[in-house]
Amino acid sequence: MHDLSLTSLSEGLRQKTFSSVELTQHFLKRIKTHDTLYNSFITVSEDTALTAAKAADVRLAAGNAPALCGVPIAHKDIFCTQGIRTSCASKMLDNFISPYDATVVSNMAKHGMVSLGKTNMDEFAMGSSNETSYYGAVKNPWNTECIPGGSSGGSAAAVAAHLCPAATASDTGGSIRQPAALCGLTGLKPTYGRISRFGMIAFASSMDQAGTMTHSAEEAALLLQTMAGHDPKDSTSSPHSVPDYSQSLSNDINGLTIGLPTEFFSADLDPNIRALTDAAINELTQQGVNVVEISLPNIDLSVPTYYVLAPAEASTNLSRFDGVRYGHRCNNPIDLNDLYKRTRNEGFGEEVKRRILIGTYVLSAGYYDAYYQQALKVRQLIKQDFTEAFNNVDVILCPSTPSTAYPIGSRNDDPVQMYLEDLYTIGVNLAGLPGMSIPIGQSDGLPVGMQLIGNYFQEERLLNMAHRYQTVTEWHLQSPSNLSEGS
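A quick note: this is a predicted structure, and the numbers were derived from the prediction, not measured.

So, about the packing of aromatic side chains. In total, this model carries 12 aromatic pairs according to the counting rule given. Seen in terms of ring centroids, F124 and F321 are 5.1 Å apart; in terms of plane orientation they differ by 45°. Their pairing is tilted. One end of the pair, F124, is in the loop between β3 (114-119) and α5 (153-160); the other, F321, is in the loop between α9 (302-317) and α10 (336-347), with 197 residues separating them in the sequence. Take F124 and F321: they sit in the same class, and that class is buried. Among the aromatic residues, those joined into a ring-pair cluster are F96, F124, F321, Y326 and F348. Above the face of the Y406 ring, R411 is positioned so that its terminal group lies 4.0 Å from the ring centre.

Written as structure tokens, this is what we have:
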């Protein structure tokens with residue numbers, strides 16, 4: 001059952017081939033048996049999952065259940081879940097039991113989906129390798145000596161290892177698309193505001209966006225349908241109407257124009273990744289897609305711009321974690337200052353502290369104009385570059401990552417090198433655009449992903465193009481060879 005698609009699982013539930021309880025028990029058993037190897041889950045909510053599965057079976061028996069009713073899902077541990085630990089992979093929130101559900105979680109529960117638990121991640125979503133988690137590094141199912149990518153590495157590893165059919169994730173600078181690429185998955189980061197951020201623990205509020213981690217574009221469309229929509233509890237949530245994402249998956253892509261940014265196809269691009277990307281482009285051109293070169297003149301400034309703005313927002317957002325109301329609290333504080341200092345020093349990991357310090361520095365009185373204000377101006381230039389490009393093309397195409405998954409621990413002493421792993425993805429977040437990564441091949445046995453970027457609220461077009469590519473290729477159907485598929 002674990003290698004069936006979301007569509008097949010939904011059909012099997014309706015045909016009574018298996019019940020939601022049986023399906024949920026199957027995945028819970030796989031997590032218990034295999035996740036000691038991958039460390040992809042922080043919390044497994046067995047009791048609540050089985051209770052939800054029983055309720056789903058009642059709805060299915062009544063004959064009017066939503067499409068994904070009874071299908072198991074895993075949630076990245078950045079989404080609050082009522083009555084269940086929501087840690088954001090930090091010691092700071094190790095003891096935090098959320099009193100409410102994030103809108104993403106409640107939307108899926110309303111559709112009858114069954115939450116298996118909470119997946120591992122980089123602490124407070126700060127990282128590109130899933131090595132900053134308080135609960136230890138996640139391992140890539142394709143090679144357990146390698147990172148799965150981050151910050152949504154737990155969701156990516158869990159889906160790639162078939163420990164859950166699909167998972168929620170979040171993307172602030174590439175945290176869905178990068179791990180999806182490194183784990184051979186389809187990862188969708190929608191337009192900023194397409195999915196509510198209510199109940200999603202904030203990192204950088206102007207860039208954080210919930211999204212999906214699945215095997216295929218078809219599955220991503222189904223999952224996005226349950227997640228998208230306006231939420232009055234989130235002031236940044238868009239009132240833009242939600243289309244039927246599955247309806248347009250098979251539309252003809254003949255005549256659409258793809259733009260290839262010259263800045264992303266330079267001589268520095270890994271030749272294996274370039275060759276696989278060229279082959280994927282050729283598959284699309286055989287379906288009638290036109291390809292043109294474009295330029296994004298300011299895109300090379302996206303990484304330094306992001307690492308001014310995101311830490312600035314993080315330093316503000318994380319100021320709420322002080323040991324007063326909830327979360328970790330140091331023992332026997334002498335006074336209020338001692339409470340703040342020791343609580344935050346004990347509760348936050350090194351990468352989180354690094355970003356808080358950077359953010360506080362660029363927001364300080366002497367440097368606000370020189371760094372933060374300048375970064376805001378550059379962000380606007382990057383956004384304008386994308387806007388101008390979409391006057392001439394329908395979709396922008398580029399690699400998802402500059403390399404395949406690298407060995408765990410190999411870049412811990414060089415944070416800048418790790419930051420550059422998001423070279424191709426950060427600009428999309430700065431502009432608030434939708435983007436997705438789809439698998440296009442393997443290099444030395446490790447997956448390679450290709451990124452599709454769309455104009456605002458053009459998720460339909462991205463899903464359509466990705467699906468058309470996946471109808472003539474089988475990379476999204478590949479699984480790691482080391483999986484134990486018998487249980």
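Relative to the assigned elements, T168 resides in strand β4 (residues 167-171). By relative accessible area, which is 0% here, T168 ends up buried. Ignoring any residue separated from it by four or fewer positions in sequence, one finds T168 in contact with I73, A74, H75, K76, F79, V104, M108, S155, G211 and M227.

This paragraph deals with empty space enclosed by the protein. To find the voids left in a structure, one rolls a probe of water-molecule size over its atoms. With the rule as written, the count across this model stands at two cavities of 30 Å³ or more. Estimates place the volume of the largest cavity at around 70 Å³. In this structure, the largest cavity is lined by 14 residues; those nearest its centre are G127, S128, S175, Y306 and D422. The residue makeup of the lining of the largest cavity, split by class, is four nonpolar, eight polar and two charged. By volume, the second largest cavity is sized at about 40 Å³. Lining the second largest cavity, in full, are W142, G184, P439, G441, Q442, P447, W475 and Q478. Sorting elements by how many residues they give to the lining of the second largest cavity places strand β10 (residues 435-443) first, with three residues. Its residues assigned to classes, the lining of the second largest cavity shows four nonpolar, four polar and no charged.

Our next topic: helix α15 (residues 459-471). Three or four residues apart is the spacing at which side chains of an α-helix point the same way, because the helix has 3.6 residues per turn. Between its first and last C-alpha, α15 extends 18 Å over 13 residues, near the 18 Å set by a 1.5 Å rise per residue. Among the 13 residues of α15, 10 are classified as buried, and the element is accordingly described as predominantly covered. Every buried residue of α15 is accounted for by E459, L462, L463, N464, M465, A466, H467, R468, Y469 and Q470.

Looking now at the pattern of salt bridges. Summed over the entire model, instances satisfying the criterion amount to 10 salt bridges. Of the charged contacts, one joins K353 and E350 as a salt bridge, the two residues approaching to 3.5 Å between their closest N and O atoms. Taken together, the positions of K353 and E350, both in helix α11 (residues 350-363) and three residues apart, correspond to about one turn of that helix. Assessed through its relative accessible area of 58%, E350 is described here as exposed. One network of salt bridges, in which partners are shared, links D338, R342 and E346.

This part covers unusual backbone geometry. Residue S151 is bonded to the preceding G150 through a cis peptide linkage, with omega at 5°. Mapped onto the secondary structure, S151 falls in the loop between β3 and α5. Although it is not a glycine, A89 sits at a positive phi angle of roughly 60°. The topology assignment puts A89 in the loop between β2 (72-76) and α4 (103-110). Judged by its relative accessible area of 0%, A89 falls in the buried class. Phi is positive for N332, which is not a glycine, with a value near 50°. Looking at the element boundaries, N332 is found in the loop between α9 and α10.

The rules behind these values
- Residue numbers here run from 1 along each chain, matching the order of that chain's written sequence.
- Owing to the predicted nature of the model, reporting of local features is limited to residues with pLDDT of at least 70; listing and counting of side-chain atom pairs is limited to 80 or more, with chain, interface and lining totals taken over all residues.
- With hydrogens and water excluded, all non-hydrogen atoms of the structure serve as input to the side-chain values.
- Only the six-membered ring of Trp is used, alongside the rings of Phe and Tyr, when aromatic pairs are assigned; centres must lie within 6.5 Å, and planes under 30 degrees apart are stacked while those over 60 apart are edge-to-face, with the rest tilted.
- Working definition: helices are DSSP H or I runs of at least four residues, strands are E runs of at least two. Numbering for both runs from the N terminus.
- Only protein chains enter the accessibility calculation, which uses a 1.4 Å probe. A residue is then buried if its area is under 20% of the maximum for its type, exposed if over 50%, and partly exposed in between.
- A positively charged side chain is recorded as over a ring if its NZ (Lys) or CZ (Arg) lies within 6 Å of the ring centre. The angle to the ring normal must also be within 35 degrees.
- Contacts are assigned to residue pairs that have any heavy atoms within 4.5 Å of one another.
- In this analysis the probe radius is 1.4 Å and the grid spacing 1 Å, with only protein atoms considered; a cavity is a set of points the probe fits into but cannot get out of, a pocket is an open set with protein on both sides within 12 Å along at least five of seven lines, and lining residues have an atom within 4 Å of a point.
- Grid points are joined across faces, edges and corners, and a volume is the space filled by probe spheres set on the points.
- Three classes are used: nonpolar for Ala, Val, Leu, Ile, Met, Phe, Trp, Tyr, Cys and Pro, charged for Asp, Glu, Lys and Arg, and polar for all others, with Gly counted as polar.
- Here the expected length of a helix is defined as 1.5 Å per residue gap, with one fewer gap than residues.
- Whenever Lys or Arg places a side-chain nitrogen within 4 Å of a carboxyl oxygen from Asp or Glu, that contact is recorded as a salt bridge.

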